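Below are the chains, spelled out letter by letter.
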Amino acid sequence: MVKETKYYDLLEASPDASDADLKKAYRKKALRLHPDKGGDPELFKEVTHAYEVLSDPQKRSVYDARGEAGLSESGGMGGMDPQDLFSQLFGGGGFFGGGGRPQGPRKTKDLVHRVTVSLEDLYKGKVSKLALTRNVICVKCSGRGGKEGAVRSCDRCNGRGIRIMMRQMGPMIQQIQQACDECQGTGEIINNKDRCGTCKGKKVISEKKMLEVHIDKGMKGGQTITFRGESDQAPDVTPGDVIIVIEEKPHDRFKRQDTNLLTKVEIDLLTALAGGNFAIKHLDDRALIVKVHPGEVLQHNALKVIPGEGMPSQRHHEPGDMFVRVGVKFPESLPLESIPLLEAALPPRKPLDKFPKNVMLEEAEAVDADARQHEMADAGETMDEDEEGEGEPRVQCANQ
Ligand SMILES: [Zn+2]
Ligand SMILES: [Zn+2]
């Protein structure tokens, strides 16, 4: 648990917020509080400082463990100009993922792992276990690599682990850096007999660890979950983080647009005209039964909305809506005897267009288009329909 929540409160974020959440929270607050927009400059500074600390994994872990007092003790206050941070963030520069600023103790590399998550799991939330292999400090020798006093600096390279070699290349002398062969580039020599038997003098051993990855309801692709300090350990170096990047697996029936879900269903002509039900299997263990009211008449390509059946938002789990594009499947053929019934039920046929006397009326036969003709027509039609449905959710129905 965190020691104090002041910085999180300033950002209106929860202490377990992901980096992406914090960034979003800061963006929202900073936009509102920015002095150029008439905000309170003092508050803007405080919020920016809070974000500066929490966006830095190292400072955040110090703050989580020891609060503000811990930060001032470790002296790493730095103090970035809030305007600078603001413009860096809003200029879209490489503030994030750029490997951080070269300050503070050295860290081992962050381990980035992508996890593909189904839409079902993002809807319901899930805890997945992730097996991770990483280096940890050898317990047997406490990371020394051998018995106490057995480790000495390599004479050959003066403990630097590299040697400069001169090589004659024709008329030129070339300098090359090479890993020292005496110490294999480690800069240290441990006699065979004193070498730690567990790590063979490597100081670290490979260890398998299970991480519990909490996929929160409503998470999105691209979001990250950070396990601070869970990357490789090495002597005298701070371990880096394990960063889990969520990737959303495409779904075969639903498209996600933020918290809305888009889907399409196909209903038969009788249901469209005379009412009935259709079912939509949801992402959890439910199926929604939607009633088409008799007399309503559902048009082909009609867009229906089922409120509250979209994805939950991550913060408050407020659901978005489900958009349903309804396709109407016409029957392949019709028994002749049902035609009078249809004629009685449906509005009368649209009368034939009237033409001036000089237009000759000629009978023509239409045949079904073959596959190639379909393709040609589709290509022409999609070009015309490009602008259709701008800004509204697009669910394309298969052409009948
Ligand atoms: Zn060891
Ligand atoms: Zn050496």
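What you see is a predicted model, and the numbers here were worked out from it, not measured in a lab.

The rules behind the values
Along each chain, the written sequence defines residue order, and numbers are assigned to residues from 1. For this description, chains carry letters from A and ligands carry numbers from 1, given in the order in which they are written. Given that this is a predicted model, residues contribute local features only at a pLDDT of at least 70 and side-chain atom pairs are listed and counted only at 80 or more, while totals for whole chains, interfaces and linings are drawn from all residues. Per the convention used, a helix needs a DSSP run of H or I reaching at least four residues, while a strand needs a run of E reaching at least two, with both numbered from the N terminus. Each residue gets a C-beta atom placed from its backbone, and two residues are in contact if those atoms lie within 7 Å. When DSSP finds at least two bridges between two strands, those strands are taken to pair. The convention used is that axes are lines fitted to C-alpha atoms, helices contributing only their stretch in contact, and that angles between N-to-C directions extend from 0 to 180 degrees. Multiplying 1.5 Å by the helix residue count minus one yields the expected span of that helix. A residue is called partly exposed when the number of other C-beta atoms within 10 Å of its own lies between 12 and 20, exposed at 12 or fewer, and buried at 20 or more, with C-beta atoms placed from the backbone. As used throughout, a nonpolar core is a set of buried Ala, Val, Leu, Ile, Met, Phe, Trp, Tyr and Cys residues joined through C-beta atoms within 7 Å of each other. Angle categories: roughly parallel below 35 degrees, roughly antiparallel above 145, roughly perpendicular from 65 to 115, and oblique for all the rest. When the near helix sits turned anticlockwise from the far one by under a right angle, the crossing is termed left-handed; a clockwise turn instead gives a right-handed crossing. The reported arc concerns the directions from the helix axis to the C-beta atoms and nothing else. Values of pLDDT, the confidence the predictor places in each residue, fall between 0 and 100.

**Let's talk about the overall build of the protein**
Moving on, step 1. Of regular secondary structure, the protein possesses 9 helices and 15 strands.
Moving on, step 2. Restricting the contact set of the protein to residue pairs at least 6 apart, pairs at least 24 apart contribute 64%.

**Side note on the pairing of strand 13 (residues 287–292)**
Moving on, step 1. Examined bridge by bridge, strand 12 (residues 276–281) and strand 13 share 6 bridges and lie antiparallel to one another. Across the sheet, residue Ala-279 finds its bridge partner in strand 13, namely Ile-289.
Moving on, step 2. Linking two consecutive strands that pair antiparallel, namely strand 12 and strand 13, is a turn of 5 residues.

**Regarding the sheet that holds strand 15 (residues 322–329)**
Moving on, step 1. Judged by pairing direction, the sheet is mixed, and its 4 strands sit side by side in the order 10-11-15-14 without closing on themselves. Each end of this open sheet is capped by a strand with a single partner; those strands are strand 10 (255–257) and strand 14 (302–306). Between one strand axis and the next, the sheet turns through 30° on average, direction left out of account.
Moving on, step 2. Here strand 10 pairs with strand 11 (residues 260–268) via 3 bridges, running antiparallel.

**Observations concerning unusual backbone geometry**
Moving on, step 1. Unlike most non-glycine residues, Glu-12 shows phi in positive territory, near 55°.
Moving on, step 2. Structurally, Glu-12 is set in the loop between helix 1 (6–11) and helix 2 (19–33).

**With respect to helix 3 (residues 41–54)**
Residues spaced three or four apart along an α-helix point in a common direction, a consequence of the helix completing one turn every 3.6 residues.
Moving on, step 1. Given a rise of 1.5 Å per residue, 14 residues ought to cover 20 Å, and the 20 Å separating the end C-alpha atoms of helix 3 matches this to within 8%.
Moving on, step 2. Of the residues making up helix 3, those classed as buried are Phe-44, Val-47, Thr-48, Ala-50, Tyr-51, Glu-52 and Leu-54.

**What about the nonpolar core?**
Moving on, step 1. Formed by 23 residues in total, the largest nonpolar core has its most connected members in Leu-119, Leu-122, Tyr-123, Ile-244, Leu-261 and Leu-298.
Moving on, step 2. Residue assignment for this core shows that the elements contributing at least two residues are helix 6 (119–124), strand 9 (242–248) and strand 15.
Moving on, step 3. Looking at which element gives the most residues to this core, the answer is strand 15, with 5 residues.
Moving on, step 4. Residues Tyr-8, Leu-33, Phe-44 and Tyr-51 belong to the second largest nonpolar core, which totals 16 residues.

**Points about the sheet that holds strand 1 (residues 111–117)**
The strands that make up a sheet pair up through hydrogen bonds in the backbone, lying either parallel or antiparallel.
Moving on, step 1. Pairing is mixed across the open sheet formed by 3 strands, whose spatial order is 1-9-8. One side of each edge strand has no neighbouring strand; the edge strands of this open sheet are strand 1 and strand 8 (224–227). Each adjacent strand pair in this sheet contributes to an overall mean axis angle of 25°, direction not counted.
Moving on, step 2. Examined bridge by bridge, strand 8 and strand 9 share 4 bridges and lie antiparallel to one another. Residue pairing in the sheet places Thr-224 in a bridge with Val-245 of strand 9.

**Considering the packing of helix 2 against helix 3**
Geometry of a packed helix pair, given as the angle between the helix axes and the separation of the axes.
Moving on, step 1. With their axes 10 Å apart at the nearest point, helix 2 and helix 3 run at an angle of 165° to one another. Classified by the interaxial angle, the pair formed by helix 2 and helix 3 is roughly antiparallel. For helix 2 against helix 3, the interelement crossing comes out left-handed. For the pair helix 2 and helix 3, contact is made by Leu-22, Tyr-26, Lys-29, Ala-30 and Leu-33 and by Leu-43, Phe-44, Val-47, Thr-48, Tyr-51 and Leu-54, respectively.

**With respect to helix 2**
Moving on, step 1. With 15 residues, helix 2 should cover 21 Å at 1.5 Å per step; its first-to-last C-alpha distance of 21 Å lies within 8% of that length.
Moving on, step 2. Taken residue by residue, helix 2 has Leu-22, Ala-25, Tyr-26, Lys-29, Ala-30 and Leu-33 as its buried positions. End-on view of helix 2: buried residues confined to an arc of 125°, all on one side of the axis.

**Side note on the environment of Val-213**
Moving on, step 1. By secondary structure assignment, the location of Val-213 is in strand 7 (residues 204–215).
Moving on, step 2. Separated by 12 residues in sequence, Val-213 and Ile-225 have C-alpha atoms that sit 7.7 Å apart.
Moving on, step 3. Setting aside chain neighbours within four positions, we find Val-213 in contact with Val-115, Val-127, Ser-128, Leu-130, Ile-225 and Ile-244.

**Brief notes about the environment of Arg-195**
Moving on, step 1. Mapped onto the elements, Arg-195 comes out in the loop between strand 6 (188–190) and strand 7.
Moving on, step 2. Residue Arg-195 is classed as partly exposed on the basis of its 18 C-beta neighbours within 10 Å.
Moving on, step 3. Residues Arg-195 and Lys-147, spaced 48 residues apart in sequence, show a C-alpha to C-alpha distance of 6.7 Å.
Moving on, step 4. Apart from residues no more than four positions distant in its own chain, Arg-195 is found in contact with Gly-145, Gly-146, Ile-190, Lys-200 and Gly-201.

**Regarding the confidence of the model for the protein**
Moving on, step 1. Taken residue by residue, the protein gives an average pLDDT of 84. The fraction at 70 or more is 87%.
Moving on, step 2. For residues 90–103, every residue scores under 50 in pLDDT, and the model assigns this stretch 3 contacts once sequence neighbours within four places are set aside.
Moving on, step 3. Every residue in residues 388–392 scores below 50 in pLDDT, and together they form 1 contact with partners more than four places removed in sequence or on other chains.

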